[in-house]
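Below, each chain spelled out in residue letters.
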Amino acid sequence: MEWLRRVVSEILERGDDPVVLSTGKTPSGPIHIGSERELFMCDSMRRLLEEKGKRVRFLFIVDSFDPFKSVPAGLQVPESFKEHIGKPLCDVPDPFGECHNSYAEHFAEEFLEVQDKLGVSPEVIYAHQLYTGEEMKSAIRTVLRKLELLQEIRSKYVFAPEEGSQEWVPVMVVCERCGMLAPKIAGEVRPNRISFFNLDEDLVEYRCNACGYRGSVEVSKGRIKLSWRVDWAAKWAIFKVTCEPAGKDHCVKGGAYDMGLEVSQRIFGYRGPIKVPYEWLTLEGKAMKTHKGITFTPAEWLSVAPPEVMRFMILSVDPMRHISFSPLKIPDLVDSFDRLERIFFDAEAPSEAED
């Protein structure tokens, strides 16, 4: 666990009070156990920091305002359900009836309701609710005020922009007529980006790419969202995040995390969190992908194995080593955990190599 001691030491050197640990997930479908890696990492930091007398806030942000991009493979829904593609996840109905208020809530709560059993109790924040608050509204205004600088920053990290970097505006609007945020047109996601803004009047104008509606809304009242890289940095600044783990794909040099840090510092005036990269947890050698239906959820794990064994499987491996998981390995994992427990309680002696 050298990585854990190193990160905790770096956190302590920052002197944040409270320390804010953050992670999150887009509830685009069933949330798989790979997401537990972030949660267990943050929870382990929390435990060590609290042992050292630090106040800690541990956040889990449900990105419920993200657009619904596709129906996950294997999800049995009527063909008509595809009409919701492009709407915010919080506006998409529960695909299983009325057990939850929305698609986003159904899959988020399915994941969150088992976290106590896994020994994890984060503070849950839904992004669509966050976007109604003044802090996020202020972040949107800051982005528009510093748009030219933001376009300059983006050009350093995104080498094949979907639009000319000087035209790119990372601010989207939910259409007041059809409810679309980022409709899919001819197989391509086309966000409803704003076309004009006047901060003196607190107004933005947009054209919906789905129905063609042209409208204007006040920033204070409209349903407006930042593009994900800028959204990420805005949340870091709002919550003063000390540390946030992220997958290796985002943490590569010059990747999304590095862009987020520069946006956080130069646009929002916050130094940003400590970056802790981690490798993926694969299922039968395949990367788990919600949209492809390649998942194994925490609830499925708990139906066949104790929660402590999942924590053992994930935390016994350095974050930068990938974990190859197969349900067929669960009996061996349980045996290994039971033996470790017996050694810990002096009921069994470790081997010479283990000692």
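As a reminder, the structure under discussion sits directly above these lines.
Keep in mind that what you see is a predicted model, and the values were worked out from it rather than measured.

What counts and what doesn't
- Residues numbered from 1 in each chain as written.
- Predicted model: local features only at pLDDT ≥ 70, side-chain atom pairs only at ≥ 80, totals over all residues.
- Heavy atoms only, no water.
- 1 Å grid on protein atoms, 1.4 Å probe; cavity = no way out; pocket = protein on both sides within 12 Å on 5 of 7 lines; lining within 4 Å.
- Points joined across faces, edges and corners; volume = space filled by probe spheres on them.
- Helix = DSSP H or I, 4+ residues; strand = E, 2+ residues; numbered from the N terminus.
- Nonpolar A, V, L, I, M, F, W, Y, C, P; charged D, E, K, R; others polar.
- Axes fitted to C-alpha atoms, helices over the stretch in contact; angles between N-to-C directions.
- Parallel < 35°, antiparallel > 145°, perpendicular 65-115°, else oblique.
- Contact = heavy atoms within 4.5 Å.
- Phe/Tyr/Trp six-rings, centres within 6.5 Å; stacked < 30°, edge-to-face > 60°.
- Buried < 20%, exposed > 50% of the residue type's maximum accessible area, 1.4 Å probe, protein only.

Engineer: Lay out the layout of surface pockets with the relevant residues and their values.
Structural biologist: Within this model, the second largest pocket holds a volume of roughly 350 Å³. Along the walls of the second largest pocket sit Met1, Arg311, Phe312, Leu315, Ser316, Phe337, Leu340, Glu341, Phe344 and Phe345, which together make up its complete lining. Listed by contribution, the elements that provide at least two residues to the lining of the second largest pocket are α11 (307-315) and α12 (330-344). Here the element with the most residues in the lining of the second largest pocket is α12; it accounts for four residues. Split into classes, the residues belonging to the lining of the second largest pocket amount to seven nonpolar, one polar and two charged.

Engineer: Account for the packing of α11 against α12, naming residues and giving values.
Structural biologist: Taken N-terminus to C-terminus, the directions of α11 and α12 make an angle of 90°; their axes are 10 Å apart at the nearest point. With respect to each other, α11 and α12 are oriented roughly perpendicular. Here α11 contributes Glu308, Val309, Phe312 and Met313 to the contact with α12, which in turn contributes Leu333, Val334, Ser336, Phe337 and Leu340. Here the residues of the contact of α11 with α12 are counted per class, giving seven nonpolar, one polar and one charged.

Engineer: Tell me what's going on with the packing of aromatic side chains, and back it up with residues and numbers.
Structural biologist: Scanning all chains against the criterion turns up 16 aromatic pairs. Centre to centre, the rings of phenylalanine 96 and phenylalanine 107 are 6.2 Å apart; their planes meet at 70°, and the pair counts as edge-to-face. On the criterion of sequence distance, the pair formed by phenylalanine 96 in the loop between β2 (56-62) and α3 (103-112) and phenylalanine 107 in helix α3 is long-range, its members being 11 residues apart. For phenylalanine 96, a relative accessible area of 46% gives the class partly exposed. Taking 5.3 Å as the distance between ring centres and 55° as the angle between the ring planes, the aromatic pair formed by phenylalanine 296 and phenylalanine 325 counts as tilted. Residue phenylalanine 296 is found in the loop between β14 (286-287) and α10 (298-302), and its partner phenylalanine 325 is found in strand β15 (residues 323-325); the two are separated by 29 residues along the sequence.

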